[in-house]
Amino acid sequence: MTFTRARIAATDVELQGRQNDGSILSTRSPRTTWSQHLKSLTPKLRLPLAILAGAAITAGTTYALVKHVQHLIANAQVSSDPSVWRNKARDDGYGACYSGCNNCHDMSFAYNACEKTARAIAPGIDCNGTNMWNWANRYPTECLEALGVIYKAEALTRKKQTYRNQLAVIILTIIAGVLGAIIVYRLWGRWFPAHPASPRWPSAPPPYIASTFPSRPKPRRKWPFFWRTAATASFLGRSHAYPCWGFSSNADQYFTHTNNTISGVVHGWTSSCHSVSYVCGSTCTSSCSSGPNGGGTTTTCTPDICYRDEEDEPPIFFVNWTLPRVQECGFKLVDNVESEVNLRIAHPLIERNWKVKISVDRYNLTDVTDPAVLCLWDIGNH
């Protein structure tokens, strides 16, 4: 019994000595759990998940939009009634080519209409309205049908284009994807912060210190040298002439043939204008500068340039410019005529080049076009 106690005591003393010497250490490393791994991983998923969310929003909405537009284009339709397009060819094609327009602002209105009629192809018939203007049957059915096909195809193309224009909304889907990515990025950062902030006691605000600013001189308006010398006068600059309307009244000059058989009128409604620039105000910017005397503020102003139309030549100028050509065709100028002059000389370049409209009361006295009328038509070739 004595031996056992002594042995136990010796063993305890030996173990304690070994522990004190550091030769035996009974430390155990703590085990890392899955929850700790997930907690450290979730903040790193912030940016990838935000990008995936934004891409999903953009891809999903873009796909739906494209499929919708493709469905609309595939099922786009216009009227299938041939009479609709024949009437359109008669009014917008040949009618515009023959009659032109009344005081319209498009000097190429008749030219464009005649050019479209030249695209109509019918077997054995010249469908160009420029060549048919003086025919007894100026609206052949074959040409109306051929031109109607062109108008129908253009209407269908325009309708499909309006559907394609809806694809511009794709820019909104991209913006929606970017906003979605930003929202996910911020929410994820709040839900799973990478470095949780420890609570802090509110600190006292810094003491108020009254600051004194040096007095500054009164801002001085400074104009550039050129405008200091010419700001009071209008700065005028002329551009190339172009047609304009509404400055002067319309002008009419009647004429009749020397044998008093055919009468007509030269009608002018277009003026020639140029653009004039002038100073209509100023835009000023201020800048602060520092110096030995406390600095100051410098204001620099630049002029605002505005533009307006000014008339060069009134409509009567173009009428008088055309009259010598009319007189060369055997007509004399008169103050008025008794007949109704409503048949336009249907050359598409008269309005475009001469800025006037020539009309007569009849094309022929017999079954052929009168040579004087053909002479008037030839004015468009010059």
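Now for a look at the structure at hand. The structure presented is a predicted model; accordingly, all values stated were derived computationally and were not measured.

**Topic: empty space enclosed by the protein**
Here's step 1: Overall, the coordinates contain one cavity of 30 Å³ or more when judged by the stated rule.
Here's step 2: Of the voids in this model, the largest cavity is the one considered here, and its volume is about 70 Å³.
Here's step 3: The residue makeup of the lining of the largest cavity, split by class, is six nonpolar, one polar and four charged.

**Details of the sheet that holds strand β4 (residues 263-268)**
Here's step 1: On the basis of which strands lie adjacent, the open sheet formed by five strands has the order β7-β3-β4-β9-β8 and antiparallel pairing. Of all strands in the sheet, those with a lone pairing partner are β7 (331-334) and β8 (343-344), marking the two edges.
Here's step 2: With four bridges joining them, β4 and strand β9 (residues 357-360) adopt antiparallel strand pairing. Bridge pairing in β9 places Val266 opposite Ile358.

**Side note on helix α5 (residues 109-117)**
Here's step 1: Within α5, burial applies to Ala110, Ala113, Cys114, Lys116 and Thr117. Seen along its axis, α5 keeps its buried residues to an arc of 160°; they face one direction.

**Comments concerning the nonpolar core**
Here's step 1: Tyr94, Ile345, Ile358 and Leu376 are the most contacted members of the largest nonpolar core, which has 44 residues in total.
Here's step 2: For this core, the secondary structure elements donating two or more residues are α4 (82-99), α5, α7 (141-164), β3 (251-257), α10 (315-328), α11 (348-354), β9 and α12 (371-377).
Here's step 3: By residue number, the principal contributor to this core is α7, which donates seven residues.
Here's step 4: One finds Leu65, Val69, Ala76 and Tyr163 within the second-largest nonpolar core, a separate group that totals five residues.

**Digging into the pairing of β4**
Here's step 1: Among the six residues that make up β4, six are buried, leaving the element largely enclosed by the rest of the structure.
Here's step 2: Strand direction decides the pairing type here: β3 and β4, joined by six bridges, are antiparallel. Looking across to β4, one finds that Asp252 is bridged to His267.
Here's step 3: Adjacent in sequence and paired antiparallel, β3 and β4 are bridged by five residues, among which Asn260 carries a positive phi angle near 60°.

**Examining α7**
Because each turn of an α-helix spans 3.6 residues, side chains separated by three or four positions end up pointing in the same direction.
Here's step 1: For α7, with 24 residues, the first-to-last C-alpha span of 35 Å sits near the 34 Å given by 1.5 Å per residue.
Here's step 2: Looking only at α7, the buried set comprises Cys143, Leu144, Ala146, Leu147, Gly148, Ile150, Tyr151, Glu154, Ala155 and Tyr163.
Here's step 3: Elements that come into contact with the buried residues of α7 comprise α3 (46-74), α4 and α5.

**Some remarks on the side chain of Thr130**
Here's step 1: With respect to the secondary-structure elements, Thr130 resides in helix α6 (residues 129-132).
Here's step 2: Looking at Thr130, the relative accessible area reads 14%, which means it is buried.
Here's step 3: Each residue touching Thr130, except ones within four places of it in the same chain, is listed here: Cys97, Cys114, Pro348 and Trp377.

**So, the pattern of salt bridges**
Here's step 1: Going through the model one piece at a time under the given rule, you end up with seven salt bridges.
Here's step 2: A salt bridge links Glu154 to Arg119; the nearest nitrogen and oxygen atoms lie 3.3 Å apart. A residue pair is termed long-range when its members are at least 10 positions apart, and Glu154 in helix α7 and Arg119 in the loop between α5 and α6 qualify at 35 residues.
Here's step 3: For Asp361, the salt bridge goes to Arg362, with nearest N and O atoms at 3.6 Å.
Here's step 4: For Asp361, a relative accessible area of 14% gives the class buried.
Here's step 5: Connected through shared salt-bridge partners, Lys116, Arg119 and Glu154 make up one network.

Here is what the cut-offs are and how they apply
- Within every chain, residues take consecutive numbers counted from 1 along the sequence as written.
- Only residues with pLDDT of at least 70 get local features here, since the model is predicted, and only at 80 or more are side-chain atom pairs given and counted; chain-wide, interface and lining totals rely on the full set of residues.
- Hydrogens and water are ignored here; the side-chain numbers use all heavy atoms of the structure.
- Residues are called lining when one of their atoms sits within 4 Å of a cavity or pocket point, these points coming from a 1 Å grid over the protein atoms alone, where a cavity is a set in which a 1.4 Å probe fits but cannot get out and a pocket is an open set with protein on both sides within 12 Å along at least five of seven lines.
- Grid points are joined across faces, edges and corners, and a volume is the space filled by probe spheres set on the points.
- Classes in brief: Ala, Val, Leu, Ile, Met, Phe, Trp, Tyr, Cys and Pro nonpolar; Asp, Glu, Lys and Arg charged; the others, Gly included, polar.
- Here, a strand pair is defined by DSSP locating no fewer than two bridges between the strands.
- Runs of E in the DSSP output that reach at least two residues are strands. Runs of H or I that reach at least four are helices, and both are numbered from the N terminus.
- Here's how the labels work: a residue is buried when its accessible area is under 20% of the maximum for its type, exposed when over 50%, partly exposed in between, all with a 1.4 Å probe on protein chains only.
- This arc describes the spread of directions from the helix axis toward the C-beta atoms.
- Only buried residues count toward a nonpolar core, which is a set of Ala, Val, Leu, Ile, Met, Phe, Trp, Tyr and Cys residues joined through side-chain atoms within 4.5 Å.
- Residue count minus one, scaled by 1.5 Å, sets the expected span of a helix.
- When checking whether two residues touch, look at their non-hydrogen atoms; a contact exists if any pair is within 4.5 Å.
- Throughout this description, the term salt bridge denotes a Lys or Arg side-chain nitrogen within 4 Å of a carboxyl oxygen of Asp or Glu.

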